[in-house]
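Spelled out, the chains give:
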Amino acid sequence: MNEISFAPAGEQGIVLQLGTSMDETTNRRIRCLMEQLHGKKGIRELIPSFCSLLVLFDLHKTNYDRMKELLTVEVNRLQELPELIKKVYRIPVCYGGSYGEDLDYVAEHAGLTRKEVIDLHSGRDYLIYMLGFLPGFAYLGGMDERLFCPRLPSPRVKIPAGSVGIGGEQTGIYPLDSPGGWQLIGRTPLHPYDPQREPAFLYEMGEYIRFCPISEAEYLALERDLAAGKTVMEWQ
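If you're wondering where the values come from, they're calculated on a predicted model, not measured in any experiment.

Peer 1: What exactly am I supposed to notice about the nonpolar core here?
Peer 2: If you look at soluble globular proteins, the nonpolar side chains tend to sit buried side by side. With 27 residues, the main nonpolar core has Ile91, Tyr203, Ile209 and Phe211 as its most contacted residues. Contributions of two or more residues to this core are made by β5 (88–95), α3 (103–110), α4 (114–121), β6 (126–131), β7 (138–141), β9 (163–167) and β13 (208–213). Residues contacting Ile209, with those up to four places away along its chain left out, are Val88, Tyr89, Ile91, Arg124, Asp125, Tyr126, Ile128, Leu140, Ile173 and Tyr203. Ranked by size, the runner-up nonpolar core spans 19 residues in total, among them Leu33, Leu37, Val55 and Val75.

Put into structure tokens, the structure is as follows:
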């Protein structure tokens, strides 16, 4: 295993650096460590990122030195990473038109047709490395290099919830109406984040997303079903 490092994060936190690159092995190491640490005395919260894990602890039950000792023991148990179940969420996306106004730009930038962009974008499973920026915003890895595309020179003031975009080497879904600077290529009627739903988040770090092209008619039908409170099991 690569050498790890520890760093304090305020009075009640410690950061474990478990890698130096955004890759599936480092992500699996973080996920396995989180499973091992779940329920351990003194730990209040575990917050993963691309290559590190922030551990927040309760000063009434432990301290930095004891927590660092516990974490060192648990990290040493990660010499052989167990295989984890791969869970894939199928996300229906209507590409182009008013749902993805930057699809033509992305195609031109990549030297591809619109169909080739859609086929490449929807042709693989994307690992969710972490959630952040907005509730339910998934940072995805594994996009085809031919689709890498610069962000907008000036971010849009408002991007509709469900918009699927490309920014640099990554792709993702805007879970809420928000400002944003990614190139928009499509939109999903599903809601990655819904505070009235249990669970509120559609997916979690360590799971996978696969984008599935649908027509505008299918998009509108799914949107009506969701608005009526129907659970669209096909896309779970």
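Don't stop here, the text continues.
Peer 1: Help me out: how do you make sense of the pattern of salt bridges in this one?
Peer 2: If charged atoms from side chains of opposite charge come close, those side chains can pair. With the rule as written, the count across this model stands at 11 salt bridges. With its nearest N and O atoms 2.6 Å apart, the salt bridge here joins Glu74 to Arg77. Under the relative-accessibility criterion, Glu74 is labelled buried at 4%. Salt-bridge contacts for Lys86 lead to Asp125; the nearest nitrogen and oxygen are separated by 3.1 Å. Of the two residues, Lys86 is situated in the loop between α2 (64–76) and β5 and Asp125 in the loop between α4 and β6; the sequence distance between them amounts to 39 residues. According to the relative accessible area criterion, Lys86 is partly exposed, its value standing at 48%. The exposure class of Asp125 is partly exposed, given its relative accessible area of 24%. What emerges from the salt-bridge pattern is a single network uniting Lys40, Glu74 and Arg77.

Peer 1: Could you clarify how one ought to interpret the side chain of Thr171 in this entry?
Peer 2: Of note, Thr171 is situated in strand β10 (residues 170–173). A relative accessible area of 1% places Thr171 in the buried class. Within polar-contact distance, the side chain of Thr171 engages the side chain of His121 at 2.8 Å. At 2.8 Å, the side chain of Thr171 forms a polar contact with the backbone oxygen of Gly165. If we skip the residues at most four places from it in the chain, Thr171 touches His121, Tyr126, Ala138, Leu140, Met143, Val164, Gly165, Ile166, Trp182 and Phe211.

Peer 1: What exactly am I supposed to notice about the environment of Leu190 here?
Peer 2: Among the secondary structure elements, Leu190 is positioned in the loop between β12 (183–187) and β13. For Leu190, a relative accessible area of 7% gives the class buried. Separated by 97 residues in the primary sequence, Leu190 and Val93 have C-alpha atoms spaced 9.0 Å apart.

Peer 1: Which parts of the structure should I look at to understand the sheet that holds strand β2 (residues 13–17)?
Peer 2: Two orientations exist for strands paired in a sheet by backbone hydrogen bonds: parallel and antiparallel. Across the sheet, four strands lie side by side as β1-β2-β4-β3; this open sheet has antiparallel pairing. Either end of the sheet is taken by a strand with one partner, and the two such strands are β1 (5–8) and β3 (43–48). On average, adjacent strands in this sheet sit at an angle of 20° to one another, irrespective of strand direction. Looking at chain direction, β3 and strand β4 (residues 52–57) are connected through five bridges and run antiparallel. Its bridge partner lying in β4, Ile47 is registered against Leu54. Strands β2, β3 and β4 of the sheet are contacted by helix α1 (residues 24–37), whose axis makes an angle of about 20° with β4. Where α2 meets the sheet, its contacts fall on β1, β2, β3 and β4, and the angle it forms with β2 comes to roughly 30°.

Reading guide: rules and limits
Residues numbered from 1 in each chain as written. Predicted model: local features only at pLDDT ≥ 70, side-chain atom pairs only at ≥ 80, totals over all residues. Heavy atoms only, no water. Core = buried A, V, L, I, M, F, W, Y, C linked by side-chain atoms within 4.5 Å. Buried < 20%, exposed > 50% of the residue type's maximum accessible area, 1.4 Å probe, protein only. Helix = DSSP H or I, 4+ residues; strand = E, 2+ residues; numbered from the N terminus. Contact = heavy atoms within 4.5 Å. Salt bridge = Lys/Arg side-chain N within 4 Å of Asp/Glu carboxyl O. Polar contact = N/O pair within 3.5 Å; in protein donor to acceptor, adjacent residues only side chain to side chain. Pairing = 2+ DSSP bridges. Axes fitted to C-alpha atoms, helices over the stretch in contact; angles between N-to-C directions.

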